[in-house]
Amino acid sequence: MSDSHSPAQPPIHWFNDPTDVPADVADWLMEMGSMTRRFEKQGVTVTVKPQNECFVSRAELGESEAQQLPESARYWVREIVLFGDAEPWLLGRTVIPEETLTGPDMALVDLGTLPLGRYLFSGNNLTRDYIHLGQLQSEQGDLWARRSRLRLSDKPLLLTEIFLPDSPVHRPEGKVSGI
Ligand SMILES: C=C(O[C@@H]1C=C(C(=O)O)C=C[C@H]1O)C(=O)O
């Protein structure tokens with residue numbers, strides 16, 4: 001577990017009114033279950049490639065991230081690319097206060113290529129405080145995003161997911177690509 005710095009986060013515009021998001025996109029972004037499982041229902045094999053996993057200080061978090069998590073000496077950051085078959089579908093960034101890493105939840109620092117959702121949704125102690133919907137501008141165009149504060153046995157973690165152009169979120173279900 002290195003203590004290298006996590007890369008800067010792109011500025012995400014968070015919507016105050018979720019109705020500003022098209023209904024077919026919001027249907028995806030407001031998914032209350034596992035996004036991994038929702039993606040698998042598209043008939044693809046989901047794989048995860050960790051890009052960066054390290055402990056960081058509160059000062060190294062994004063400002064809006066720090067505001068949504070309790071004070072802690074350090075936070076575990078996990079950044080991944082999630083693939084649907086060979087296509088990159090999602091960038092995931094999870095920030096976990098050290099105090100959340102207790103008991104079986106210490107396994108969160110050793111997930112490797114196991115999708116976080118497999119762990120989070122495997123038990124019956126997961127709750128979700130909220131989902132915020134967002135959008136960011138990138139060289140790949142405007143991308144949809146969401147941020148959830150989740151709790152495992154009431155211990156918080158913050159998950160930001162950025163949906164890439166190849167993901168179904170940008171090609172809502174039922175629309176055949178290319179026509
Ligand atoms: C949180 C879930 O797991 C997915 C996998 C992630 C990971 O492995 O770090 C991060 C974001 C999620 O899209 C999920 O399936 O809902």
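Quick caveat, the model's predicted, so the values are computed rather than measured.

Draft legend 1. Highlighting the packing of aromatic side chains. In total, this model carries five aromatic pairs according to the counting rule given. Aromatic pair phenylalanine 15 and tryptophan 144: ring centres 6.1 Å apart, planes at 35°, arrangement tilted. Taken together, the positions of phenylalanine 15 in the loop between strand E1 (13–14) and helix H1 (23–29) and tryptophan 144 in strand E6 (residues 141–152) put the pair 129 residues apart, joining distant regions of the chain. There is no split in this pair, since phenylalanine 15 and tryptophan 144 are both buried. With a centroid separation of 5.0 Å and an interplanar angle of 65°, the aromatic rings of phenylalanine 55 and tryptophan 76 are classed as edge-to-face.

Draft legend 2. Quick peek at the UniProt feature "binding site: substrate" (unreviewed entry) in the protein. The sites that carry the UniProt feature "binding site: substrate" (unreviewed entry) are, in the present numbering, Met35, Arg78, Leu116 and Glu161. Taken from the residues named earlier, the lining of the largest cavity is made up of Met35, Arg78, Leu116 and Glu161. Its location among the elements puts methionine 35 in helix H2 (residues 35–40). On the basis of relative accessibility, which here comes to 4%, the residue methionine 35 falls in the buried class. The residue glutamate 161 is located in strand E7 (residues 155–163) in this model.

Draft legend 3. Local environment of the side chain of arginine 147. Mapped onto the elements, arginine 147 comes out in strand E6. Buried and without a salt bridge, arginine 147 has glutamate 65 as its closest oppositely charged side chain, separated by 4.1 Å. Residue contacts for arginine 147: discarding those within four places in its chain leaves Trp14, Ser64, Glu65, Gln68, Tyr130, Ile131, His132, Leu158, Leu159 and Thr160.

About the criteria used
- Residues numbered from 1 in each chain as written.
- Predicted model: local features only at pLDDT ≥ 70, side-chain atom pairs only at ≥ 80, totals over all residues.
- Heavy atoms only, no water.
- Phe/Tyr/Trp six-rings, centres within 6.5 Å; stacked < 30°, edge-to-face > 60°.
- Helix = DSSP H or I, 4+ residues; strand = E, 2+ residues; numbered from the N terminus.
- Buried < 20%, exposed > 50% of the residue type's maximum accessible area, 1.4 Å probe, protein only.
- UniProt positions renumbered as here; feature names shortened; annotations may be inferred.
- 1 Å grid on protein atoms, 1.4 Å probe; cavity = no way out; pocket = protein on both sides within 12 Å on 5 of 7 lines; lining within 4 Å.
- Lys, Arg positive; Asp, Glu negative; His and termini not counted.
- Salt bridge = Lys/Arg side-chain N within 4 Å of Asp/Glu carboxyl O.
- Contact = heavy atoms within 4.5 Å.

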